[in-house]
Amino acid sequence: MVIRKAVIPAAGLGTRMLPITKSMPKEMLPVLNKPVIHYVVEEAIKAGIDDVLIITGKGKRAIEDYFDRSFELEYYLKERGKLEELKEVEEIGEMVDIYYVRQKKPLGLGDAILHAEKHVNGESFAVLLGDDIIISEEPGIKQLIGVYKRYTCTVLGVEEVEWSEVEKYGIISGEPLGEGLYEVRDLVEKPRREVAPSNIAIVGRYILEPDIFDALKAVKPDKNGEVQLTEGLRYLLQQQKNIAAKRIEGKRYDVGTLEGWLKANIELSWGVRL
Ligand code: G1P
């Protein structure tokens, strides 16, 4: 029942942030002096996760280099007595066990998650999307792990969004159970505002059970040929599986958009001594 493994899909092309993402993974965009993916990995570690699988793709090698040890740099910093910087660089290289698998074709989030099947090996696991940074006292994903421990079912992180924004997200409809918890009745990927069942959006945090893999294999790709995770979850509902959703307490930044990324940089810089 313990969630030990996290999957971080990082194979997307980052089209919303072009042109910078033409030669740089969107996960490596800086928020202050750390890349976005650093915050996401840190959140997982703070939630007790000790095994991280990153699904990468073409042009994503900078992610692997970032989390690797860099002996040349460490030697250089040591020689010059820059011990604080040395400590920081060493710590990144030793944050957690990180594994990588490549998604060879950009066939959607659902297909990326399918690449984790072997690695998670029958365990329930956390998924953290690098588009969202969550700043909160209790790590966002830990809040979902709490719900999983209580109900042992799939858990989605959600947040109310402006109605004008519903078409950017997976949207749920559900039975409120109090304390920001819902029993999910239906979900739909990026609906038009007129047909959205609510304005409660799935943010990039999930606890998934191994049954998601068969569900993702069973659903049809969308009109762009992509397998959507939301469709796999919908399939599970149709199979009478329980899905809970939990409003994540904290501040979320959608760093996959220029506006959200700028906002994260500005707001997180408050209180930082420059
Ligand atoms: C993905 C999911 C969507 C979810 C969103 C959260 O969409 O498909 O259901 O609401 O992440 O960030 P994407 O942002 O990759 O288009």
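Residues numbered from 1 in each chain as written. Predicted model: local features only at pLDDT ≥ 70, side-chain atom pairs only at ≥ 80, totals over all residues. Heavy atoms only, no water.

Caption draft 1: Structural detail: the site of the ligand. Of all residues adjacent to the ligand, which total 15 residues, the nearest are Asp132, Gly170, Glu189, Lys190 and Ile202. Between the ligand and glycine 170 there is a distance of 2.9 Å, counted from an oxygen atom to a backbone nitrogen or oxygen. The contact in question runs from an oxygen atom of the ligand to an N or O atom on the side chain of lysine 190, over 2.7 Å. Burial of the ligand by the surrounding chains reaches 86%, relative to a free accessible area of 370 Å². A molecule is said to occupy a pocket when more than half its atoms come within 2 Å of that pocket's grid points, and by this definition the ligand occupies the largest pocket. Ranked by residues supplied to the shell around the ligand, first place goes to strand β11 (residues 200–208) with 4 residues. Its residues placed into classes, the shell around the ligand shows 6 nonpolar, 4 polar and 5 charged. (Near = heavy atom within 4 Å. Polar contact = N/O pair within 3.5 Å; in protein donor to acceptor, adjacent residues only side chain to side chain. Areas by Shrake-Rupley, 256 points an atom, 1.4 Å probe, with all protein chains shown as cover. 1 Å grid on protein atoms, 1.4 Å probe; cavity = no way out; pocket = protein on both sides within 12 Å on 5 of 7 lines; lining within 4 Å. Sits in = over half its atoms within 2 Å of the grid points. Helix = DSSP H or I, 4+ residues; strand = E, 2+ residues; numbered from the N terminus. Nonpolar A, V, L, I, M, F, W, Y, C, P; charged D, E, K, R; others polar.)

Caption draft 2: The arrangement of the packing of aromatic side chains in detail. According to the stated counting rule, one finds 2 aromatic pairs in the structure shown. Between tyrosine 66 and phenylalanine 67, the aromatic rings sit 5.1 Å apart at their centres with planes inclined by 85°, giving edge-to-face as the arrangement. The exposure classification of tyrosine 66 matches that of phenylalanine 67, with both residues buried. The lysine or arginine in question, lysine 34, covers the ring of tyrosine 39, its NZ or CZ lying 5.5 Å from the ring centre. (Phe/Tyr/Trp six-rings, centres within 6.5 Å; stacked < 30°, edge-to-face > 60°. Buried < 20%, exposed > 50% of the residue type's maximum accessible area, 1.4 Å probe, protein only. Lys NZ or Arg CZ within 6 Å of the ring centre and 35° of its normal.)

Read these as layout, nothing more, since geometry by itself doesn't imply function.
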